[in-house]
Amino acid sequence: MFDTSYLDIPPLESAGGTVVLPGSKSISNRVLLLAALSHGTTRVHDLLDSDDTRVMLDALRALGCSVVHQGPVLEVTGFGGRGPANHARLFLGNAGTAMRPLAAALALAGGEFELSGVARMHERPIGDLVDALRQLGCRIDYLGKKGYPPLKVHPPGPLQLGQPIRVRGDVSSQFLTALLMALPLVARQDVVVEVVGELISRPYIEITLNLLRQFGIAVVRDGWERFTIPAGSTYRTPGEVWVEADASSASYFVALGAIAATGQPVRIEGVGAASIQGDIRFVEAATAMGARVASGPNWLEVSRGAWPLKAIALDCNHIPDAAMTLAVMALYADGPTTLSNIASWRVKETDRIAAMAAELRKLGAVVDEGPDFIRVAPPAGWKPAAIHTYDDHRVAMCFSLAAFNADGVPVRILDPKCVAKTFPDYFEALFSVAATDRTHIPVICVDGPTASGKGTLASEVAQRLGYHYLDSGALYRIVGEAATRAGLSLDVAHEHTIAKMAESLPVRFAGARVLVGADDFTEAIRTEQAGMNASRVSALPAVRTALVALQQGFRRLPGLVADGRDMGTVIFPDARLKVYLTASAAQRAERRHKQLISKGISTTIDVLRADLEARDARDMNRSVAPLKPAVDALLLDNSGQAVEESVAQVLEWWAGKQRFPM
């Protein structure tokens, strides 16, 4: 997951390959609660691991539910007849799929409970659900603003089950879902729920009814206005449950295929045409806009058909969440696209109609919005934009698709980690199937002499930007170590043998570990001798040539920060930002002395300074790629700087290169 303050997506050109989707949030949290309410143990396969499911799991544990991980399978042993703990304080983040159903279930459970969340959750309405529960005899207090969480739930009074329970259906389908999941707990007689107003987001009710059947509850539906939970309904575990991949998450990759899969299709695994999720019908909308789609029981394959995409006018009540993706697809259409019957967007993680309109306009689109519609006309010319995501995962994922514009305009996604709500590895999945000309992938080079601190600086900048990191010195250290283990002398006598070895070394960087095949080189290449060996092999022209392609291969989406001695002069001469980092020999010797003393290695500053000066002279005067600043490098002397100051300076320079309007 990209845990950075922003993520810059360079201009992207095409897409193709396979994406395996995570489990559905809507199904995952429903399954978890149903398993908790059941008799017996339920083995849950392919559960989504996200912020929303974590808060649900934390809540169930706090309520006394047994939750055990057995490898990739989660075993949930339900409360059954004993019920949950009789008091708990639950923090539910911004998970409506946890807040609404838990509020209903606990209101009937007979205990004292407090339910709260993040600030945005306290702005999301729950009053219609509370009103419906109070009709039953439930006792619920608002701890803040009336009609909104946080809530205080008390043991219910005598339950009034003889009359239909009326609940509004035109604000959120989660209110009805919550009642349908909670009422089997008290179904001593037939219990009827009547929907007031038009029921929105009906596909989510279909998901609820489907899962209730799996857990032994056969709700009788009379149209979309009346639902009956039969007398004697009791939750029973089905034993095993498989969570479908999220059809809403599939929408981004369906759209990606429609926009950018001009050769190899985008294959989406985990969900297919037979999905129980209503958002699978997004495929119909994408097809209407021109996508070419093939499907099977658990997969979709999508490629570009019509181009530009076709503008459409669509009632989106059947795909409320996935319809957001259509608003971004509209940027690539041949005219204005109108999405209607989307009033529920106003009460989601943010006011999604207002959010989408504001961010689409930043890109150059002409947008009209109303209480329950949005109309998007594509840009006459694309503009670079920093997309505010409103702590809304779907806003972040939708707007990543804007990077495929024909004008070569980059897109900045602010707070990209908000995708953790449903799809923590979304951007990694996107970059695994997206492609662009390598010159579009930004590179920052940090060159400098030994012990200047370039590795520390470059790795920290890479972490701040969410970019890949290349320690070119590590590659030379690896080659030196591998050659030494093979009994080769590090000189011209074995130059070509070492070069041949370097071409095929199976190097992998796994976090802080450096692996060569099955061997761990992490500690071996961090010795002083390994540093000396790296300087010796780096002076061999054939070895340097062999490693050029390997180093250039680290230039991958979304970007790269590379440190070394010739990154900006030889390996990445087209890098967008080049920094030459230096410090006085005295300062570098003092830093190295502290490092060695901390490792228990005895030496003196004078000896280290002489060694560094000798290395500098050797590196500056070698015939191949001598150490020197690139002509367009910015000089940074960090003799008197802390690491954070140097990082801040480089990021300031980088911001000047990017120039995203906010």
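Scroll up to find the structure.
Nothing here was measured: the structure is a model prediction, and the numbers come from that model.

The rules behind each value
Residues numbered from 1 in each chain as written. Predicted model: local features only at pLDDT ≥ 70, side-chain atom pairs only at ≥ 80, totals over all residues. Heavy atoms only, no water. Axes fitted to C-alpha atoms, helices over the stretch in contact; angles between N-to-C directions. Helix = DSSP H or I, 4+ residues; strand = E, 2+ residues; numbered from the N terminus. Parallel < 35°, antiparallel > 145°, perpendicular 65-115°, else oblique. Left-handed = near helix turned anticlockwise from the far one by under 90°. Contact = heavy atoms within 4.5 Å. Nonpolar A, V, L, I, M, F, W, Y, C, P; charged D, E, K, R; others polar. Phe/Tyr/Trp six-rings, centres within 6.5 Å; stacked < 30°, edge-to-face > 60°. Buried < 20%, exposed > 50% of the residue type's maximum accessible area, 1.4 Å probe, protein only. Pairing = 2+ DSSP bridges.

Visitor: Could you give an account of the packing of helix α10 (residues 352-362) against helix α11 (residues 393-400), with specific residues and numbers?
Guide: At a minimum axis separation of 11 Å, α10 and α11 run at an interaxial angle of 30°. Between α10 and α11, the angle falls in the class roughly parallel. α10 and α11 meet at a crossing whose hand is right-handed. Along its contact with α10, which presents R352, M356, E359 and L360, the element α11 presents H393, R394, V395, C398 and F399. Looking at the contact of α10 with α11 residue by residue, the classes come out as 5 nonpolar, 1 polar and 3 charged.

Visitor: For the packing of aromatic side chains, give the residues involved together with the corresponding values.
Guide: Counted according to the given criterion, the structure contains 10 aromatic pairs. On the numbers, 6.2 Å between centres and 55° between planes, the contact of F253 with F423 is tilted. Of the two residues, F253 is situated in helix α7 (residues 247-260) and F423 in the loop between β24 (411-414) and α12 (426-433); the sequence distance between them amounts to 170 residues. Summarising the burial analysis for this pair, F253 and F423 share the class buried. Taking 5.6 Å as the distance between ring centres and 75° as the angle between the ring planes, the aromatic pair formed by F423 and Y426 counts as edge-to-face. A single burial state applies to F423 and to Y426, both of which are buried.

Visitor: Give a detailed account of α12, specifying residues and quantitative values.
Guide: An α-helix turns once every 3.6 residues. As a result, residues three or four positions apart point the same way. Counting buried residues in α12 gives 6 out of 8 residues, a clear majority hidden from the surface. Listing the buried residues of α12 in full gives Y426, F427, A429, L430, F431 and V433.

Visitor: Lay out the sheet that holds strand β22 (residues 373-377) with the relevant residues and their values.
Guide: Pairing is mixed across the open sheet formed by 4 strands, whose spatial order is β19-β20-β22-β21. Only two strands of the sheet have a single neighbouring strand rather than two, namely β19 (313-315) and β21 (366-369). The average angle at which neighbouring strand axes cross in this sheet is 10°, direction not considered. In this sheet, β22 lies alongside strand β20 (residues 337-340) in antiparallel orientation, the contact comprising 4 bridges. Residue pairing in the sheet places L339 in a bridge with I374 of β22. On the sheet, α10 packs against β21 and β22 and is oriented at approximately 165° with respect to β21.

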